[in-house]
Amino acid sequence: MSVAHPIVAVTGSSGAGTSTVKHAFSDMFRREGIKPVVIEGDSFHRYDRQAMKEKVAEYEEQGKVLTHFGPEANELDKLEALFREYSEHGTGKKRLYIHSEEEGEPYGQAPGTFTPWEPIDPDSHLLFYEGLHGGAVTDQVNVAQYVDLLVGVVPVVNLEWIQKIHRDCLNRGYSSEAVVQIILKRMPDYVHYICPQFSRAHINFQRVPLVDTSNPFIARDIPTPDESNVVIRFRDPHMADFPYYLNMLKASFMSRSNTLVVPGGKMGLAMEIVLTPIIHDMMEKKRARG
């Protein structure tokens, strides 16, 4: 573990509860007095929005598929290099991917573009990554080797599909048929590059709906948190204090010796209860090192 310059990575695809995760970690960092360097996975895309559209079309002409799940569309070598440099020295460079006009306004940039690379804050206490590839391993790179705490956050796949269909149809103007085709094209990269990361994660949080999602392509509504459970699986159960969790999280129970189940509406609280002691211990070791 890189105690001097810790790295915490949250990895998962869209619909995994990103806002809940960010809020939970923000609360933890504030209470512990931690100043993080925040790295967004989108900032390591290889192409901006327009270039990505052109590359996708080029790949399709060649009978190939390019998706943000796979390494070809991302600069995973630069992500690995950042993690290595931060782990060893607490330094590195970051940039932002502009998602909206509001985000781009301070930089005078349009959505779908990158800000220039700039040095990260040299006085940070840890690096916090949130994106698709925090635990990525390929034949060329091993991002996961530098991560001190890898957290997987993922909905079951049918729930993920429901959320993508609703989001892309309502917010991006896609037809349901077009979104289904995108899902099918992305599936090989999802299977080969996203799923394996959850086996490497120290802790996984998986939201499981308690309503019928058997045909996600005709679902009218996205299951709410209260219509879900969250399955929390620990790679090493010795890092978990299950009696404490069961006492603090009402209606929770253990389904296996390394797995806790909590009501979906308590996902944020569960993350804070489970992860705060781990983060606290990480920072105490860092302070002890000076």
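Quantities reported herein were computed from a predicted structural model and do not represent experimental measurements.

A. A look at helix α6 (residues 176–200). The first and last C-alpha atoms of α6 sit 33 Å apart over 25 residues, in line with the 36 Å expected at 1.5 Å per residue. Its maximal kink placed at Y190, α6 deviates by approximately 55°. Looking at α6, one finds that the buried residues are V179, I183, R186, D189, Y190, I194, Q197 and F198.

B. A look at the pairing of strand β6 (residues 149–155). Most of β6 sits out of view: seven of its seven residues are buried. A two-sided burial pattern is seen for β6, the buried positions comprising L149, V151, V153 and P155 on one face and L150, G152 and V154 on the other. Pairing between strand β1 (residues 7–11) and β6: four bridges, direction parallel. Within β6, the position partnered with T11 by the bridge is G152. Judged from the five bridges that link them, β6 and strand β7 (residues 203–209) form a sheet pairing that is parallel. Counted as the bridge partner of V153 is F205 from β7.

C. Structural view of the environment of F83. By secondary structure assignment, the location of F83 is in helix α3 (residues 76–89). The class for F83 is buried, based on a relative accessible area of 0%. Between the alpha carbons of F83 and I7 there is a distance of 7.5 Å; along the sequence they are 76 residues apart. Leaving out residues up to four positions away in the same chain, F83 has contacts with I7, L127, Y129, G134, V143, Y146 and V147.

Cut-offs used in this document
- Throughout this document, residue positions are counted from 1 along each chain, in the order its sequence is written.
- A pLDDT threshold of at least 70 governs which residues receive local features in this predicted model, and a stricter bar of 80 or more applies before side-chain atom pairs are shown or counted, although totals over entire chains, interfaces and linings include all residues.
- Note that the side-chain values use all heavy atoms of the structure and ignore hydrogens as well as water.
- Helix numbers and strand numbers start at the N terminus; a helix is a DSSP run of H or I with at least 4 residues, a strand a run of E with at least 2.
- Expected span of a helix: the number of residues minus one, times 1.5 Å.
- Two axes enter the bend calculation: one fitted to the seven residues ending at the residue in question, the other to the seven starting there, and the bend is the angle between them.
- Under the scheme applied here, a residue whose accessible area is under 20% of the maximum for its type counts as buried, over 50% as exposed, and between as partly exposed, the area being computed with a 1.4 Å probe on protein chains only.
- We treat two strands as partners when DSSP finds at least two bridges between them.
- Two residues form a contact once any of their heavy atoms are found within 4.5 Å.

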